[in-house]
Protein chains: 2
Amino acid sequence: MTDLTAALTAADASLDESLERLFGLLRIQSISTDPAYAPECRRAGQWLVDELASLGFEASLRDTPGHPMVVAHHAGATPDAPHYLFYGHYDVQPVDPLDLWTDPPFEPAIKEIAPGRKAITGRGASDDKGQLMTFVEACRAWKAASGSLPCRITILFEGEEESGSPSLKPFLEANAEELKAECALVCDTGMWDPETPAIAVALRGLVGEEVTIHAADRDLHSGLFGGAAANPLHILSKILADLHDETGRVTLDGFYDGVEETPAQVLASWDSLGRTAEDFLGGVGLSVPSGEQGRSVLEQTWARPTAEVNGMWGGYTGEGFKTVIAAKASAKVSFRLVGKQDPDQVRAAFRAHVEARLPANCTVSYAPHGGSPAIQLPFDSPVVTKTRNALTDEWPKPAVTIGMGGSIPIVGDFQNILGLQSVLCGYGLTDDRIHSPNEKYDLTSFAKGIRSWVRILDALATR
Amino acid sequence: MTDLTAALTAADASLDESLERLFGLLRIQSISTDPAYAPECRRAGQWLVDELASLGFEASLRDTPGHPMVVAHHAGATPDAPHYLFYGHYDVQPVDPLDLWTDPPFEPAIKEIAPGRKAITGRGASDDKGQLMTFVEACRAWKAASGSLPCRITILFEGEEESGSPSLKPFLEANAEELKAECALVCDTGMWDPETPAIAVALRGLVGEEVTIHAADRDLHSGLFGGAAANPLHILSKILADLHDETGRVTLDGFYDGVEETPAQVLASWDSLGRTAEDFLGGVGLSVPSGEQGRSVLEQTWARPTAEVNGMWGGYTGEGFKTVIAAKASAKVSFRLVGKQDPDQVRAAFRAHVEARLPANCTVSYAPHGGSPAIQLPFDSPVVTKTRNALTDEWPKPAVTIGMGGSIPIVGDFQNILGLQSVLCGYGLTDDRIHSPNEKYDLTSFAKGIRSWVRILDALATR
């Protein structure tokens with residue numbers, strides 16, 4: 001039998017061990033945004049270093065001002081084998097609200113979530129530990145079957161993807177020579193549907209900002225001062241309510257500069273995918289699209305920019321009631337960018353929007369978060385075509401090229417710093433509840449994800 | 001020397017012991033709105049029962065579905081002595097944000113807050129433990145000087161004033177005969193300024209409502225769903241921003257029904273008090289009045305109704321950033337009422353305002369809190385006149401009759417259930433930071449407050 005067949009067989013044969021290894025990684029509480037979990041992030045990084053070393057990678061944990069990077073190299077079977085850089089992240093989102101989890105988020109398990117459908121449950125099962133382990137286990141299968149890897153592989157695992165990747169750019173700049181390859185493979189995206197694999201070629205950018213409105217120098221009794229003292233929650237509500245007009249468009253000055261209408265044939269191809277608003281939103285208990293009127297949900301989430309309030313707080317939020325006028329109120333706001341929107345310009349426009357609505361006596365402070373432009377990748381480069389064919393060989397339906405609502409800043413950094421194009425390919429499903437309680441990753445995503453990478457490594461081995 | 005002189009002398013002589021006793025009460029963490037502190041509330045009530053019993057009161061702790069009431073009776077010196085019902089509350093507000101307290105909130109101390117100006121610090125120092133103890137200590141001074149009290153006194157101390165007084169009405173109804181008197185004395189209000197005592201004759205009412213907007217059935221990734229899924233924080237911000245128009249008026253339908261313009265001569269008398277917006281707001285770091293345009297801060301806070309957001313929360317509010325669209329968002333909103341505004345009508349108008357702004361797919365839930373109309377008391381009843389004269393004898397400047405921004409629902413309940421008018425007289429100052437970190441009560445407020453009640457009891461002893 002061919003090396004490919006042997007590697008696929010090896011992958012299937014060791015699936016149980018592969019799951020055990022994934023569970024080991026899922027048990028580590030690597031929440032990167034909360035400094036309290038820094039030691040857990042380091043543990044996750046070291047866990048991966050050990051794992052890759054056992055596969056013959058020259059692997060090391062690299063310190064950064066934040067959480068460490070995992071870097072690993074494998075020479076491949078032949079000296080002239082094509083060289084690829086694989087990227088994933090070992091950090092995960094916070095788990096609040098904890099009371100909504102059916103099982104403890106860091107105690108992974110296999111559950112039957114529908115008749116004949118099993119899933120791996122736990123924080124990070126899908127985003128991104130389960131995904132990155134599909135590649136690691138594919139390498140293990142190739143090693144078991146052929147003693148080596150068909151391609152030369154460099155692996156970069158990050159520990160700050162869920163907290164704005166502050167250390168990533170400096171690290172890429174400082175280690176550009178070591179990390180250069182012919183193309184990057186990024187596994188942090190999803191399938192089109194459970195039967196149809198997808199390669200993402202359009203990604204929205206992201207700008208985040210935390211804004212705090214300050215009024216009186218202390219909390220006030222709303223009976224004594226109500227009607228005379230400025231209330232930061234009123235001011236902030238007005239600021240956030242004014243972010244959208246009645247048609248759902250974002251009102252910031254110049255917000256749509258650099259936003260081009262999506263070509264009709266692209267919209268048509270998306271329409272042909274036949275996903276209605278009911279399909280898209282039904283899985284989360286909604287059915288009527290919000291946001292910009294007169295656009296499909298795929299266009300809204302793949303090709304249009306947005307402004308979203310991700311969090312807001314101020315005043316008394318405990319049990320019972322407290323008649324207080326808060327001294328300050330805060331919100332976390334993020335913008336998804338498309339086309340040529342400039343992150344710095346969007347941030348400046350938001351701050352101008354806030355300050356135009358700031359009454360006398362009140363002040364504002366900001367905490368910026370992230371800032372990455374949108375990305376457009378080639379639809380039909382040789383690597384994309386080989387990957388699409390390999391995916392089509394594995395799954396029931398042919399692979400499709402799609403847009404993506406989420407931003408993966410690493411892709412822009414690979415382009416700008418390493419001069420590398422990326423192929424974005426992953427096996428998550430829209431009902432994986434990433435960033436939410438009860439995150440899961442279908443057992444099929446994991447098993448066929450490993451087999452997919454086994455096939456892709458074979459396909460990419462030949463120039 | 002007269003009994004009055006002797007009682008005043010006794011009050012001065014035992015001031016240190018009076019402070020020690022107050023500190024004992026201030027050390028009890030009787031936060032009524034948080035169920036976790038229920039045992040502390042009971043402790044505070046029992047502490048007062050023991051205190052009053054030591055003064056010859058027939059005192060008892062009365063269970064309610066919530067926190068217990070303290071009821072105590074003293075027959076007074078003569079069988080035909082006039083009979084008064086004294087009210088105060090032993091519960092206190094929550095202490096968050098704790099990190100803004102200079103000293104632990106339940107470790108009272110005496111601090112020099114300005115050259116020659118000392119204050120008692122701690123949660124409840126002013127609202128209302130310090131205030132109610134001025135009356136208890138005045139009784140003690142009378143007992144020390146004359147062996148009895150010049151009036152017949154019934155005392156009612158409540159433990160739920162800061163959490164909506166759910167048990168109060170049923171308790172008054174069930175014990176109306178026992179609690180009846182000729183007039184009620186309520187000590188939960190403030191001075192006009194540090195030299196001028198005040199009797200409050202106009203009180204705003206209160207309606208509270210907690211509102212929660214529900215959208216998707218789980219938190220969503222704002223990258224995957226942003227632009228298509230309803231965001232409860234956007235919806236709630238719009239609802240709250242729309243509560244006021246650009247002139248500061250509340251927009252609820254029929255909100256101003258029953259609100260009369262304040263008579264010109266009353267406004268003139270308030271203007272003659274000479275308190276500018278800078279005076280009123282300067283103490284809390286503000287200077288420009290918010291709220292209804294074209295009205296003085298005294299009219300805004302004494303004679304005009306308001307809508308205030310007291311708390312709001314939703315989405316990710318922890319450290320760092322989380323690109324989430326929350327499943328729900330909540331706010332605590334309260335309305336101050338004047339004139340003949342109907343609390344039920346205001347609550348209904350608010351709910352209609354919310355539901356008119358609720359998009360398809362979204363639902364709303366409410367948790368009502370309190371609901372009391374505004375109160376207008378006589379300016380010149382014999383009891384008010386005697387009280388005003390007694391206060392004028394004690395303080396540097398003559399007592400004044402004023403309005404009040406805060407609501408004291410008990411006054412309406414005394415009217416409606418016991419048929420009693422109330423005299424509202426207290427010694428708090430506007431910089432006492434009640435409901436805020438670093439609450440305090442001036443030592444002068446406490447010492448002269450005791451002396452004031454000594455004088456008032458003397459003045460009210462004669463019909």
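Residues numbered from 1 in each chain as written. Chains lettered and ligands numbered in written order. Predicted model: local features only at pLDDT ≥ 70, side-chain atom pairs only at ≥ 80, totals over all residues. Heavy atoms only, no water.

Quick word on the relation of the copies chain B and chain A
Under the fitted operation, chain B is carried onto chain A by 0.0 Å of movement along the axis and a turn of 180°, and the coordinates agree to an RMSD of 0.1 Å. Both copies of the chain, as the preceding transformation shows, are related through a two-fold rotation axis. A symmetric contact is evident, with 100% of the interface residues of chain B recurring at the interface of chain A. (Least-squares fit on C-alpha atoms with pLDDT ≥ 70 in both. Contact = heavy atoms within 4.5 Å.)

Some thoughts on the interface of chain B and chain A
Opposite the 85 residues of chain B that make contact, chain A presents 85 residues. Three residues stand out in chain B for area buried against chain A, namely Asn310(B), Phe321(B) and Lys322(B), and they jointly supply 11% of the buried area on that side. Across the chain B-chain A interface, the total number found is zero salt bridges. Here the residues of the side of chain B that touches chain A sort into 33 nonpolar, 35 polar and 17 charged. (Buried area = accessible area lost by both parts, 1.4 Å probe. Salt bridge = Lys/Arg side-chain N within 4 Å of Asp/Glu carboxyl O. Nonpolar A, V, L, I, M, F, W, Y, C, P; charged D, E, K, R; others polar.)

Quick look at the pairing of strand E2 (residues 69-74) of chain B
Residues and elements named next belong to chain B. With five of six residues buried, E2 lies mostly within the body of the structure. Linkage of strand E1 (residues 58-62) to E2, two consecutive antiparallel strands, is achieved through a turn of six residues. In the sheet, E2 pairs with strand E6 (residues 152-158) via five bridges, with the strands oriented antiparallel. Across the sheet, residue Val 70 finds its bridge partner in E6, namely Phe 157. (Buried < 20%, exposed > 50% of the residue type's maximum accessible area, 1.4 Å probe, protein only. Helix = DSSP H or I, 4+ residues; strand = E, 2+ residues; numbered from the N terminus. Pairing = 2+ DSSP bridges.)

Comments concerning the UniProt feature "domain: Peptidase M20 dimerisation" (unreviewed entry) in chain A
Here the UniProt-annotated "domain: Peptidase M20 dimerisation" (unreviewed entry) positions come out as residues 202-360 of chain A. Regarding residues 202-360 of chain A, the helix share stands at 30% and the strand share at 23%, and the terminal C-alpha atoms are separated by 43 Å. (UniProt positions renumbered as here; feature names shortened; annotations may be inferred.)

Structural notes on the pattern of salt bridges
The full count for this structure, using the stated rule, is 66 salt bridges over all chains. Salt-bridge contacts for Glu178(A) lead to Arg62(A); the nearest nitrogen and oxygen are separated by 2.6 Å. One end of the pair, Glu178(A), is in helix H6 (residues 176-179); the other, Arg62(A), is in strand E1 (residues 58-62), with 116 residues separating them in the sequence. For Glu292(B), the salt bridge is made with Arg295(B), and the minimal N-O distance between the two is 3.7 Å.

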